[in-house]
Each structure stands twice: as structure tokens, then as C-alpha cells.
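Examination of the molecular architecture
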Amino acid sequence: MNIAVLPGDGIGKEIIAQAVRVLRRLELPLELEEAPVGGAGYEAAGDPLPEATLVLARKADAILFGAIGGPQYDALPRDKRPERGLLRLRKELGLFANLRPARVYPELAQASSLKPELVAGLDLLIVRELTGDIYFGEPRGIATLANGEREGVNTMRYRESEILRIARVAFEAARKRGRKLCSVDKANVLETTELWRQVVGALGKDYADVELSHMYVDNCAMQLVRNPKQFDVIVTGNLFGDILSDEASMLTGSIGMLPSASLDERGKGLYEPIHGAAPDIAGKGVANPLATIISAAMMLRYSLQRATEADRVEAAVHKVLQAGLRTGDIYTAGMRKVGTQEMGDAVVAAL
Ligand code: NAD
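Residues numbered from 1 in each chain as written. Predicted model: local features only at pLDDT ≥ 70, side-chain atom pairs only at ≥ 80, totals over all residues. Heavy atoms only, no water.

1. Focus: the sheet that holds strand 8 (residues 180-185)
Selection rule: Two strands form a pair only when DSSP identifies at least two bridges running between them. A run of H or I in DSSP counts as a helix once it spans at least four residues, and a run of E counts as a strand once it spans at least two, with each numbered from the N terminus. Interaxial angles span 0 to 180 degrees and are taken between N-to-C directions of axes, which are lines fitted to C-alpha atoms, for helices over the stretch in contact.
The sheet built from 10 strands is open, its strands ordered 2-1-3-12-11-4-5-10-8-9 with mixed pairing. The open sheet terminates on both sides in strands that have one partner only, identified here as strand 2 (31-34) and strand 9 (211-216). Across the sheet, the mean angle from the axis of one strand to that of its neighbour is 20 degrees, orientation sign disregarded. With 4 bridges joining them, strand 1 (residues 2-8) and strand 2 adopt parallel strand pairing.

2. Observations regarding the nonpolar core
Threshold: Here, nonpolar core refers to any group of buried Ala, Val, Leu, Ile, Met, Phe, Trp, Tyr and Cys residues whose side-chain atoms link them within 4.5 Å. For every residue, the accessible area obtained with a 1.4 Å probe (protein chains only) is divided by the maximum for its type, and the residue is called buried under 20%, exposed over 50%, and partly exposed between those limits. Domain segmentation is taken from an automatic or database assignment of domains. By definition in these notes, contact holds between two residues if any of their heavy atoms fall within 4.5 Å.
Among the nonpolar cores identified, the biggest contains 66 residues, and Ile3, Leu23, Leu64, Leu99, Val127, Tyr271 and Leu290 are the most heavily contacted of them. The dominant element in this core, judged by the number of residues it contributes, is helix 10 (residues 290-302), at 9 residues. In terms of domain composition, this core takes at least three residues from each of domain 1 (1-96 + 264-351) and domain 2 (97-258). Discounting residues that sit within four places of it in the chain, Leu64 has contacts with Ile3, Ala4, Val5, Leu6, Ile16, Ala19, Leu23, Tyr271, Thr292, Ala296 and Met299.

3. Notes on the pairing of strand 6 (residues 141-144)
With 4 bridges joining them, strand 6 and strand 7 (residues 150-153) adopt antiparallel strand pairing. When the bridges of strand 7 are listed, Ile142 appears paired with Gly152.

4. Quick look at helix 3 (residues 51-59)
Selection criterion: For this quantity, the arc is that covered by the directions from the helix axis to the C-beta atoms.
Of the residues making up helix 3, those classed as buried are Thr53, Leu54, Leu56 and Ala57. With its buried residues spanning 160 degrees around the axis, helix 3 presents them on a single face. Opposite the buried face of helix 3, at more than 90 degrees from it, the exposed residues are Glu51, Ala52 and Lys59.

5. Here's the deal with the environment of Asp206
You can see Asp206 is positioned in the loop between helix 7 (191-204) and strand 9. Judged by its relative accessible area of 56%, Asp206 is exposed. When the C-alpha atoms of Asp206 and Phe171 are compared, they prove to be 9.4 Å apart, with 35 residues separating the residues in sequence.

6. Focus on the site of the ligand
Selection rule: If a single non-hydrogen atom of a residue is within 4 Å of a molecule or strand, that residue counts as near it. Whenever two N or O atoms come within 3.5 Å, that pair is a polar contact, provided that in protein one can donate a hydrogen and the other can accept it, and provided that, for residues adjacent in sequence, both atoms are side-chain atoms. The protein chains shown are the only cover counted for residues, whose accessible areas, like all others here, come from Shrake-Rupley with a 1.4 Å probe. Side-chain classes are defined by residue name, with Ala, Val, Leu, Ile, Met, Phe, Trp, Tyr, Cys and Pro counting as nonpolar, Asp, Glu, Lys and Arg as charged, and the others, Gly among them, as polar.
Taken together, 18 residues surround the ligand, and among them Ile68, Gly276, Ala278, Asp280 and Asn288 come closest. In the environment of the ligand, an oxygen atom lies 2.9 Å from a nitrogen or oxygen atom belonging to the backbone of Ile68. The contact in question runs from an oxygen atom of the ligand to an N or O atom on the backbone of Gly70, over 3.1 Å. Its free accessible area being 800 Å², the ligand has 67% of it covered by the protein chains. Of the residues that constitute the shell around the ligand, the class distribution is 10 nonpolar, 5 polar and 3 charged.

7. Here we look at helix 1 (residues 12-25)
Here is the rule: A helix's residues, less one, multiplied by 1.5 Å, set its expected span.
With 14 residues, helix 1 ought to run about 20 Å at 1.5 Å a step, and its terminal C-alpha atoms sit 20 Å apart, in line with that. Those residues of helix 1 that sit buried are Gly12, Glu14, Ile15, Ile16, Gln18, Ala19, Val20, Val22 and Leu23.

8. Notes on the packing of aromatic side chains
The geometry of an aromatic ring pair is captured by two quantities: the separation of the ring centres and the angle between the planes. We apply this condition: Paired rings are identified among Phe, Tyr and Trp, the last through its six-membered ring, by centres lying within 6.5 Å, and are further divided according to the angle between planes into stacked (under 30 degrees), edge-to-face (over 60) and tilted (the rest). Put simply, a charge is over a ring when the Lys NZ or the Arg CZ is close to the ring centre, within 6 Å, and near the line of the ring normal, within 35 degrees.
This model, assessed by the stated rule, comprises 2 aromatic pairs. In this structure, Arg165 is placed above the aromatic ring of Phe96, and the distance from its NZ or CZ to the ring centre is 4.0 Å. Lying over the aromatic face of Tyr331, Lys337 brings its terminal NZ or CZ to 5.0 Å of the ring centre.

9. Some remarks on unusual backbone geometry
The omega angle of the peptide bond from Glu138 to Pro139 is 0 degrees, so this bond is cis rather than trans. Position of Pro139 among the secondary structure elements: in the loop between strand 5 (123-129) and strand 6. At Arg179, a residue that is not glycine, the phi angle is positive and equals roughly 60 degrees. Locating Arg179 in the fold gives a position in the loop between helix 6 (160-175) and strand 8.

10. Observations regarding the domain arrangement of the protein chain
For clarity, the threshold we go by: Put simply, buried area is how much 1.4 Å-probe accessible surface two parts lose in total, over both of them, once they are put together. By definition, a salt bridge exists where a carboxyl oxygen of Asp or Glu is found within 4 Å of a side-chain nitrogen of Lys or Arg.
Partitioning the protein chain into domains gives domain 1 (1-96 + 264-351) and domain 2 (97-258). Its C-alpha centre places domain 1 at a distance of 24 Å from the equivalent point of domain 2. Between domain 1 and domain 2, the residue contacts involve 22 residues of the former and 27 residues of the latter. For the pair domain 1 and domain 2, the two sides together bury roughly 2,100 Å², of which 64% comes from carbon and sulfur. At the junction of domain 1 with domain 2, the criterion picks out 2 salt bridges.

11. Some points on the environment of Ala307
Structurally, Ala307 can be placed in helix 11 (residues 307-322). Taking the C-alpha atoms as reference points, Ala307 and Ala297, 10 residues apart in sequence, are found 8.5 Å from one another. With near-sequence residues (within four places) excluded, Ala307 lies in contact with Leu300 and Arg301.

12. Notes on the pattern of salt bridges
Under the criterion given, the structure shown has 20 salt bridges. With its nearest N and O atoms 3.0 Å apart, the salt bridge here joins Asp246 to Arg100. Of this pair, Asp246 sits in helix 9 (residues 238-250) while Arg100 is found in strand 4 (residues 97-103), placing the two residues 146 residues apart along the sequence. The exposure class of Asp246 is partly exposed, given its relative accessible area of 43%. Of the charged contacts in the structure, one is a salt bridge between Arg336 and Glu342, with a shortest N-O distance of 2.4 Å.

13. Notes on the side chain of Asp232
The topology assignment puts Asp232 in the loop between helix 8 (217-226) and strand 10 (233-236). At a separation of 3.0 Å, a polar atom in the side chain of Asp232 contacts the side chain of Arg177. Reaching out from Asp232, the side chain makes a polar contact with the backbone nitrogen of Arg179 at a distance of 3.1 Å.

Right, dumping it as C-alpha cells:
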């Protein structure tokens, strides 16, 4: 199995180093090859996505990505900025399915802004469609009407084939978890999502082992803060998913703990923490590597079909938290404060 390792910028290098140690400890037949991306790509080759990095990512079975960005790159022309590297990579690889788990380890429940009993043990997954919907639909633009007034237009569009492929990813993910899928739409008002509901419902017949339900997006936004533990997997379109996945991630209260995956049609994926390059703490050895280590566990589960090893990595992370180790971002009084390297050491030892 070939893994492209793209550390990127800032804390990217520090956190990826720990995830790589964890992967190596599993003693699987993994070939890990590293390449620069983002600001590091610009410095190495004048391009945030150097050709050699793209070639490596294309031929890999999965990509482990750190983070990109930093204030030193803010003045570059738009197409040279680090973010362009990541956006282009997603596009070039056809990554249309975004998987964002939100899991609250009981030990970290106090970090949430919700009551600990509402979120302790929470484990949900949002599957968001990434390449369609109102963000890409035509016609779009701002036009001036005959009376001189301006009008803004965007178009919500989904084809059956686009709905089917994201729904299939969600049903498959539900099969690997609690076998419950909630499809979120606004079918009472929007025809696009009426079609969404029909297509997901019809596909549900092929997945009789997964319990399918439908929910309107406004209700879902409310249920996520009222009783988030009712959900296992949520599937939704690009616009609703953008908002709901950020809402769900904040239920956990700790940005340094949250992994993500973006998958293509064949299940190949790019795995990355949801946080950025954190220039304020880069180089200090204090960044939390757990979001990246849990992203590596997702990679084992979703692209490499190694569920046992994924479980082992997640169990090791849990064990380290139970033992009271905390990086600064998740630290509370009475716990043992550790740096990036020591957290990595502990996970490797727990494995
Ligand atoms: P950020 O996620 O980098 O940091 C936000 C805050 O969270 C900072 O205080 C940071 O120290 C803290 N933080 C983030 N990750 C942490 C970790 N693992 N451990 C401990 N603390 C952590 O967001 P930002 O400050 O808005 O952006 C910084 C740079 O990162 C920008 O250049 C931005 O464009 C880029 N960025 C990249 C990605 C990505 O690579 N996917 C995502 C978001 C932002």
C-alpha cells in the first residue's frame, strides 16, 4: 500500500511526524513517501502543488495530509498561495465525499460548550457532498436589472448520479459503524432536495441492514445541540453539510482532536486534521498530534480496508487520554501536560 505523506507547513510537519511513527509501529506493508505541498511546495518548486507532488498523490492508494498556510505566504498572488495547493489537489483527484467525524472521548467532555452529559461518548459522522450543489450550480452571478436594481443569483442543482454516489459512501460508512443513517434535506421547500430524498430512499432498499431516516435541515441543526447522541451517520449536500459539519465539530470543543477524510469514487482518500497550520504555535513542539493520528486511523479504515488496525490506533489514543496525558489545547487542571513528541511516544507505547 502506497501512502503519499504531505506534511505541508507550520505544525503540519510536527504532527505528521507523529502519525507516521504510529503507522510504522503497526508493521503493515506500507510504503510512505513524502512530498512538499502548500507554502513548502511554493518554496521547493514555486508552486503550492508541485507537479511531482501531484504525480505522487495520483499513484498513491491514500494521502496523509498535515496542514498548510502561514502569514509569510499571505502576500503571494492568489494562485501561488498554500490553500490553492489543497483545493487543486482535491479537484485533481475528484474527491467528492467529505467525511467529518465528531467524537467526544468521555475524558474530554468538559471541553464542549454543551453540558458534559449531552456529549460524553458522542460519536457521529457527517458525510458531506463536496463538488456539487449551490456552490457550483449555474447560472450564478450578480446582474443589474432593467430598473437599475442589482440581483444576486445562485442555483441549487443535484443530478441523480451525484446524489447516488454520495449516498452510497454514506450507507457504506454506516455499515462500518452503528448502521444508522440520517439523510438531511429541505424537501418540503426545495425540489432539488425532494429529488435527494427520493434517490437516497430508493438506494436504501439495497441497504436493508442500515436504518435510514430523513430529517429537515433546520430540525437537524436543532437536534445536533439538543440531543446529538441520537445520530450515527448524517448524509447531506454541500451547503447544508458545510454548516452542519462545523456545528457538529464544535460539539467536541477541541480542534486538535478532529480528523477528516475526502474520498473519490473508488474509495481512495485524502486524510487530514480539520485544523490549520497554527503558525502561532509552530516550531514549539506543543501542537496536538491526535487529530492527525486519528486521521491516519480513518485512512486505515476507509481506504486501506484495515479496520482492525484502525480500531487499535483509536483504542491507543483513548488509552493515552484515560491515562491523563493532555497537550495544551485540551489541558485541564490535574492532568499531565505533554508536548507533541511525548503524546506521539505515548500512543506508540499504547499500541
Ligand atoms: P488554525 O486551525 O491553524 O488555528 C486556530 C487555533 O487553533 C490557533 O490558536 C492554533 O494554535 C490552534 N490549533 C490548531 N491546531 C492545533 C493543534 N493541533 N494543537 C493545538 N492547537 C491547535 O486556524 P487559523 O489560525 O485560522 O489559520 C492558520 C493558517 O492555517 C492560515 O494560513 C490558514 O489559511 C491555514 N489553514 C489551513 C487549513 C488546512 O490546511 N486544511 C485549515 C484551516 C486553516
